[in-house]
Amino acid sequence: MMILVTGATGNIGRELTRELDAKGAKLRLLVRDPARAAQLPERAERAVGDLGEPTTLAPAFAGVDTLFLLTQGIGTEYTAAAIAAAEAADVHHIVHLSSFHVSFDPIPAMGRWHHEREKLIRTSGIPATFLRPGGFMTNALDWLPTIREGNYVLDPVGPGRYAPIDPADIAAVAALALTEAGHQDKQYVLTGDETFTVTEQVRIISETIGRDIEVRETATPAEAVRFRFPNGAPQALADAITEGFTLMRADTVGLRTDTVERLLGRRPRTFADWCARNADAFRRPETA
């Protein structure tokens, strides 16, 4: 069974490729630049293509049975291109990375994009598994510019709590869904099992690297977006992130599920563990 992985060089894709390689799965990686995949398992096939250029996809999808589909940005164009290529290649199963925002009522802007993508996949008739993770632990890397600039983190969510998940755990669930029966037509909401405020997360980072980091809780969502995208962001994306921060600030409990433990038979990785593995990124000076 041939598995095609999109987004193979990203935070989740790198971990997923290693998981599938360890399982001995037959896999192919869709990459725009093969050099970026140099550190991934050698035995994985490379197929050069781009979801933004549909004419490049047929060779990558040829002979594929199962697809891991990860699309970024705003809109559904990449998803539609992948579905068309999957239909032409007679793909039998799609494992799609969505978002837990799809489950909100009403659905916020960030969730609506994912909801529309899920609808396209369902309409195609190809059996699918939808992974709906919450916030990633790797989102803490978005704080690096201000940490390096002035040893502080902007906190636009204050008392808001959430349960960040390690992308490695998302990848482990994806690998399970791609290689084992029983996951078609399922939706899995994935979170870590510890809820945090931003201040609590920063405290763990500080303890890990042995240096206090200031938290500026007076930051507004709009200010945090400007720092995250110093060169500007598309207005729709900026508005969606601002809305997301506002919703997070209002949630002082934090959504938490046991899905990772139920599927993998172990507790999710902790934020402290993630910080230990990524400590060098937070220690590194701005000039590195």
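Everything numeric here is computed off the predicted structure, so don't read it as measured data. (Residues numbered from 1 in each chain as written. Predicted model: local features only at pLDDT ≥ 70, side-chain atom pairs only at ≥ 80, totals over all residues. Heavy atoms only, no water.)

Engineer: I would appreciate a short explanation of unusual backbone geometry in the present structure.
Structural biologist: Note: most residues except glycine have negative phi, and most peptide bonds are trans. In this structure, Pro-106 follows Asp-105 across a cis peptide bond, with omega equal to 0°. Note that Pro-106 resides in the loop between strand E5 (93–97) and helix H4 (109–124). At Asn-151, a position not held by glycine, the phi torsion is positive, near 60°. Positionally, Asn-151 belongs in the loop between helix H5 (144–150) and strand E7 (152–154). (Helix = DSSP H or I, 4+ residues; strand = E, 2+ residues; numbered from the N terminus.)

Engineer: Would you take a moment to explain the sheet that holds strand E6 (residues 128–133) for this structure?
Structural biologist: What holds strands together in a sheet is hydrogen bonding between their backbones, with the strands either parallel or antiparallel. The strand order across the open sheet built from 7 strands is E3-E2-E1-E4-E5-E6-E8, with neighbouring strands paired in parallel fashion. This sheet does not close on itself; its edge strands, each paired only once, are strand E3 (45–48) and strand E8 (186–190). For this sheet the average axis-to-axis angle between neighbouring strands, irrespective of direction, equals 20°. In the sheet, strand E1 (residues 2–5) pairs with strand E4 (residues 66–69) via 3 bridges, with the strands oriented parallel. Looking at E4, one finds that Ile-3 is bridged to Thr-66. (Pairing = 2+ DSSP bridges. Axes fitted to C-alpha atoms, helices over the stretch in contact; angles between N-to-C directions.)

Engineer: Looking at this structure, I do not really get helix H9 (residues 235–250). What am I missing?
Structural biologist: Three or four residues apart is the spacing at which side chains of an α-helix point the same way, because the helix has 3.6 residues per turn. Here H9 spans 23 Å end to end across 16 residues, near enough to the 22 Å set by a 1.5 Å rise per residue. Listing the buried residues of H9 in full gives Leu-237, Ala-238, Ala-240, Ile-241, Gly-244 and Phe-245. The arc enclosing the buried residues of H9, seen along the axis, measures out at 165°, which places them on a common side. Exposed side of H9, more than 90 degrees from the buried face: Gln-235 and Ala-250 are the residues found there. Where H9 is buried, its residues touch H4 and helix H8 (221–228). (Expected span 1.5 Å × (residues − 1). Buried < 20%, exposed > 50% of the residue type's maximum accessible area, 1.4 Å probe, protein only. Arc of directions from axis to C-beta. Contact = heavy atoms within 4.5 Å.)

Engineer: Sorry if this is basic, but what is going on with the nonpolar core here?
Structural biologist: Counting residues in each nonpolar core, the largest one holds 32 residues, and the members touching the most others are Leu-16, Leu-20, Phe-68 and Leu-131. Secondary structure elements with two or more residues in this core: E1, helix H1 (11–22), strand E2 (26–31), E5, helix H6 (167–179), E8 and helix H10 (259–264). When residues in this core are grouped by element, the largest group, 8 residues, is from H6. One finds Val-225, Leu-237, Phe-245 and Cys-275 within the second-largest nonpolar core, a separate group that totals 29 residues. (Core = buried A, V, L, I, M, F, W, Y, C linked by side-chain atoms within 4.5 Å.)

Engineer: What am I meant to see in the side chain of His-101 here?
Structural biologist: With respect to the helices and strands, His-101 occurs in the loop between E5 and H4. A polar contact is formed between the side chain of His-101 and the side chain of Ser-99, at a distance of 3.0 Å. Not counting chain neighbours up to four residues away, the residues in contact with His-101 comprise Ile-107, Pro-108, Met-110 and Gly-111. (Polar contact = N/O pair within 3.5 Å; in protein donor to acceptor, adjacent residues only side chain to side chain.)

Engineer: Would you take a moment to explain a positive patch on the surface for this structure?
Structural biologist: Taken together, the side chains of Arg-14, Arg-18, Arg-32 and Arg-36 define a basic patch exposed on the protein surface. Mapped onto the elements of the fold, Arg-14 is located in helix H1. Given a relative accessible area of 31%, Arg-14 falls into the partly exposed group. (Patch = residues over 30% accessible without salt bridge, like charges linked within 9 Å, V, L, I, M, F, W, Y side chains within 5 Å. Areas by Shrake-Rupley, 256 points an atom, 1.4 Å probe, with all protein chains shown as cover. Salt bridge = Lys/Arg side-chain N within 4 Å of Asp/Glu carboxyl O. Lys, Arg positive; Asp, Glu negative; His and termini not counted. Charge placed at Lys NZ, Arg CZ, Asp CG, Glu CD.)

Engineer: Which parts of the structure should I look at to understand the pattern of salt bridges?
Structural biologist: Opposite charge on two side chains makes pairing possible when the charged atoms of those side chains draw close. Tallying each qualifying case throughout the model produces 13 salt bridges. With a shortest N-O distance of 2.6 Å, Arg-43 and Asp-21 are connected by a salt bridge. One end of the pair, Arg-43, is in the loop between E2 and E3; the other, Asp-21, is in helix H1, with 22 residues separating them in the sequence. Where Arg-283 meets Asp-280, a salt bridge forms, and the shortest distance between an N and an O atom there is 3.2 Å. In this pair, Arg-283 and Asp-280 both sit in helix H12 (residues 279–283), 3 residues apart, roughly one turn of the helix.

Engineer: Even after reading the chapter, I still don't get the side chain of Ser-98, so can you show me in this structure?
Structural biologist: With respect to the helices and strands, the residue Ser-98 is situated in the loop between E5 and H4. Engagement of the side chain of Ser-98 in a polar contact is seen with the side chain of Glu-118, the distance being 2.7 Å. Setting aside its immediate chain neighbours within four residues, Ser-98 contacts His-114, Glu-118, Leu-131, Arg-132 and Pro-133.

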